[in-house]
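Coordinate inspection notes
What follows is each chain in one-letter form.
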Amino acid sequence: MTCYRFRQTLIGLCLLLFLFTTPLLGTENQTDQECFESRDGMSQVRVEEISPGQVNVKCSSTTGGVLWWGDPFAGTIPMGDMDIEADYSTEEAVVKPREPELDKNKMLTICSMACHDGNYVPIPHSKNPRRLKMHLDTVPDALNLKHGKGNIWCLDCHHLVERTKLIDNFGYSISFNQPQKLCGKCHGQVYRSWRDGLHGKRIGMWDKGGKKRWWVCTECHNPHDVEQGERNSGFAQLRPESAPNLPKGMTNANHERMHHGAHSDGNAHE
Amino acid sequence: MPKQDSSKTKDNKLTSRRDFLRSAGNYTVASLSGAAMLLSDPKPAKANVTWEEHFQKNYRLMTDEEKQQAIERLETRYTEEYGKPVTVDGSPSMEGVLFGYALNIQKCIGCRRCVKACVAENNQSRGDEQQIEWIRVLRMEKGKFSEADRDQHGYPESFGVQVGGNAYKPAGVVLEGQHYYEPEQVPEEDAFYFPMQCMQCEKPPCVKVCPVRTTYRDPDGIVVIDYNWCIGCRMCIGACPYWARRFNWGEPNLPKEEMNPVTHYLGNRPRMKGVVEKCSFCVQRTRKGRWTACVEVCPVGARKFGNLLDPNSEIRKVLAKKKVFRLRADLNTYPKFFYYMD
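Residues numbered from 1 in each chain as written. Chains lettered and ligands numbered in written order. Predicted model: local features only at pLDDT ≥ 70, side-chain atom pairs only at ≥ 80, totals over all residues. Heavy atoms only, no water.

Looking only at helices and strands, chain A has seven helices and twelve strands in total. Looking at the 270 residues of chain A, the share that counts as buried comes to 37%. A sequence separation of at least 24 residues applies to 51% of the contacts in chain A between residues at least 6 apart. (Helix = DSSP H or I, 4+ residues; strand = E, 2+ residues; numbered from the N terminus. Buried < 20%, exposed > 50% of the residue type's maximum accessible area, 1.4 Å probe, protein only. Contact = heavy atoms within 4.5 Å.)

Now for the overall build of chain B. From N to C terminus, chain B includes eleven helices and twelve strands. Per-residue burial over chain B gives 54% buried out of 342 residues. Sequence-distant contacts in chain B: of pairs separated by 6 or more residues, those separated by 24 or more amount to 68%. Summing over all exposed atoms, chain B offers an accessible surface of approximately 15500 Å²; the carbon and sulfur share of this is 55%. (Areas by Shrake-Rupley, 256 points an atom, 1.4 Å probe, with all protein chains shown as cover.)

To continue, consider unusual backbone geometry. All names here are of chain B. That bond from Val186 to Pro187 is cis: its omega, -5 degrees, falls within 30 degrees of zero. Within the secondary structure, Pro187 sits in the loop between β3 (136–141) and β4 (191–196). Even without a glycine there, the phi angle at Arg112 is positive, about 65 degrees. On the secondary structure map, Arg112 appears in the loop between β2 (99–104) and α6 (113–122). For Arg112, a relative accessible area of 2% gives the class buried.

So, about the sheet that holds strand β10 (residues 303–307) of chain B. All names here are of chain B. Pairing is mixed in the open sheet, where four strands are placed in the order β10-β2-β12-β11. The two strands at the open ends of the sheet, each matched to only one other strand, are β10 and β11 (323–325). Strand-to-strand twist in this sheet, taken as the mean axis angle between neighbours without regard to direction, amounts to 30 degrees. This element, helix α11 (residues 314–321), spans β2, β10, β11 and β12 (337–341) of the sheet and lies at about 115 degrees to β10. (Pairing = 2+ DSSP bridges. Axes fitted to C-alpha atoms, helices over the stretch in contact; angles between N-to-C directions.)

A separate point is the side chain of Glu121 of chain B. Examined against the element boundaries, Glu121 of chain B turns out to sit in helix α6. Only 2.6 Å separates the side chain of Glu121 of chain B from the side chain of Trp68 of chain A, close enough to count as a polar contact. At a separation of 3.1 Å, a polar atom in the side chain of Glu121 of chain B contacts the side chain of Arg285 of chain B. Look past the residues within four positions of Glu121 of chain B in its chain and what remains in contact with it is Trp68 of chain A together with Asn260, Asn268, Cys282, Gln284, Arg285 and Ala293 of chain B. (Polar contact = N/O pair within 3.5 Å; in protein donor to acceptor, adjacent residues only side chain to side chain.)

Bringing the state of the cysteines into the picture now. Using the criterion set out here, one finds one disulfide over all chains in the structure. Note that Cys35 of chain A is cross-linked by a disulfide to Cys59 of chain A, the S-S spacing being 1.8 Å. Residues Cys35 of chain A and Cys59 of chain A are joined by a disulfide whose S-S torsion is about 50 degrees; by sign, that bridge is right-handed. One end of the pair, Cys35 of chain A, is in strand β1 (residues 34–36); the other, Cys59 of chain A, is in strand β5 (residues 57–59), and 24 residues separate them in sequence. Classification of Cys59 of chain A by relative accessible area gives buried; the value is 1%. Cys115 of chain A provides the cysteine sulfur closest to Cys111 of chain A, a residue in no disulfide bond, and the two sulfurs are 7.3 Å apart. The class for Cys111 of chain A is partly exposed, based on a relative accessible area of 24%. The thiol sulfur of Cys236 of chain B is not disulfide-bonded, and the nearest other cysteine sulfur, from Cys233 of chain B, lies at 6.3 Å. (Disulfide = S-S within 2.5 Å.)

Residues and elements named next belong to chain B. Counting 77 residues, the largest nonpolar core has Met199, Tyr265, Phe281, Phe305 and Tyr339 as its most contacted members. Apart from the residues within four sequence positions on either side, Phe281 is in contact with Phe99, Tyr101, Cys198, Gln200, Ile222, Thr286, Thr292, Phe305, Lys336 and Phe337. Ranked by size, the runner-up nonpolar core spans ten residues in total, among them Val223, Ile225, Cys236 and Val275. (Core = buried A, V, L, I, M, F, W, Y, C linked by side-chain atoms within 4.5 Å.)

The analysis is restricted to geometry; functional conclusions fall outside its scope.
Below you can see the structure in the form of C-alpha cells.
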C-alpha cells in the first residue's frame, strides 16, 4: 500500500516537473523574460502579454534573440523630422527611442546636469585625442575607440556640454533617438540607401502609406566599435540558431564537409 | 451538401442522436471509401474533422458562401483543438499587387533567425520526430588557396592519362553548401550564406505537375496550397527545382501554447498528416499589409519584400539599384524571389 502510494507521488512529481519545464524548451517564452532585438545587450526588450494569450515578442530559447513581433509598434515614438523620400512622406514612420536603452541608469542625465554643464567642468579647448583621466569605468569603450581609424574622437559625435545629446556639423544637438542625423554626416551613401528603405531594416506594414517601424543606426551597429577587430565589419557576430535536425538514421553531417579528391584523405572541414 | 450545416458545426454539444448518426455514417462510409477511413481514427482531433470537411470541394472551385462555411468549420475545429480562439482568414488575392522578394546575399550572416521566425509564425511541425522548416540556409565556403595545397605534378604516372596540372588536388571552392553548420558565432570568416525558400515562380513546375490542382498560383503572385484537397502524392516535391516543399510524413507536432492563432486558409493554418506545405510569403500577414515574419526578423536587414507593380516600393528600388539575379533562371520558372548584392 505504501509502496503504491509512493509510486503515485513519484508519478505526480514527475508530471509536475514536466509541466513546469516543457514551456521552457520551445520558442514560446515566459513573460518577463528579457531578450534582445538586434544588438545583444543594447536593444533589450521584455516579454509581456499584450492581450490574453498574445505576447509582444517571441524569443529564441537558443540565442535569446527576438524571433517574432506580436506588436511591431510597441514602445515606439514618431520618427520626427526626417526627410524620408518623397513618396513615403505620407507614411507613418516610427522608431524605438534609444535614450531609455542608452541611459538606463540615468548616468547620462546626471553627468550632464551635475558636472558637464559647460561651467563646472571646462569645455576642452581642442578635440584632439587624449587619454582620459577620469571615468574609465563609466565609459568602457573610451580608450578603445574602433571607429574612424584615429580620425575622429569623442567630441566629433558627442555634444560638448549636453552629455545626453549628439552633435551635428554646426554644433547643434542631435537626439540619441535620431543617430542617423549624426552618422549621415560621414556615411552619406549608406544614409541615402537607408532613407530609400534599402539599407537596414523596417518592420510593420509593407504597403504604401502603411505604418513602419524604422530601425536606427545604433540599434544594429556599435558606434564605438564598428571595426569589429580583424573582421572589419560593421556588424558584430551573433550566435546562430540551431541547425536543422539530421535526417533519420544519420549521425553526423560529415558528408557535406568532405573535401573530395584523391589526396584529400577525407579531410572534413574544420 | 454543406448548405445547411454552418449552425450545426458551431454547436459543439452534439445530441446523442446526432452522435449516433455520425458514427453510423462513419462506419458505413469507412467500409466503402478510403478517404473516410480517416474518420474512424480514434484520436479526438481526427474525430472532430467533420463530414463536410472531408467532402468539400477544391477551394478554388468553391462559391464564396462555401468558402465561408469551410473557414467557419476550421475555426471551430481549431479553436477546440488548440484551446484558444483561432481565426482562419480567407482574404483573396490583392488587386494591383504582385509580390516580390529580394535577399541580399552580401549581407546575410547565416544566423538562421529567419528559419525559426518562420516556424513561430507558420505553425510547422516541430520536435525530433518531425521537424519541418520552410527556409534552409546554406553555408558556402569561400575556398582555400594556399601554395601548399597545390600539386605541380599532375596525375601520377600510374593513372596513365595526363589531364593537367592540379586536377586531383582540389583548391578553392569545393563544397557544394552545408545545411548543418553550427559554429559558435556567425558570420564565419571563410564562408558566406545562401538562404533558400519557395521562389513563388511565375511558371511554377509544382503547379504544372499537381494532378488534383490543389496547388495554384494566385494573381498576386503567391503559389498556394489547399491542404484539404492535397492527396499527398508528392509530385510537386519532385518537380520543384528549389527544394522548397515539405511533406508531413506523420501527424504534425504543434504544441498548443506555441500555435499561432492568426491563420489563413491557404497559409499557416495547422496542417494534417499526408499533405505538402511550403512558404506562402506569410499570406496571412502580407494580404493584410504586414511584412513577412522572415523579413521582420532578419537582424541585418538582408530581406526585402514589396509590390513589384509599385515603382516606388523597396523591392523595385532594389531591382533598379542593385546587382540582381534569380536562382536557376535557366529553367524558365520566372521566380519572384531575387538575390542581390550591393
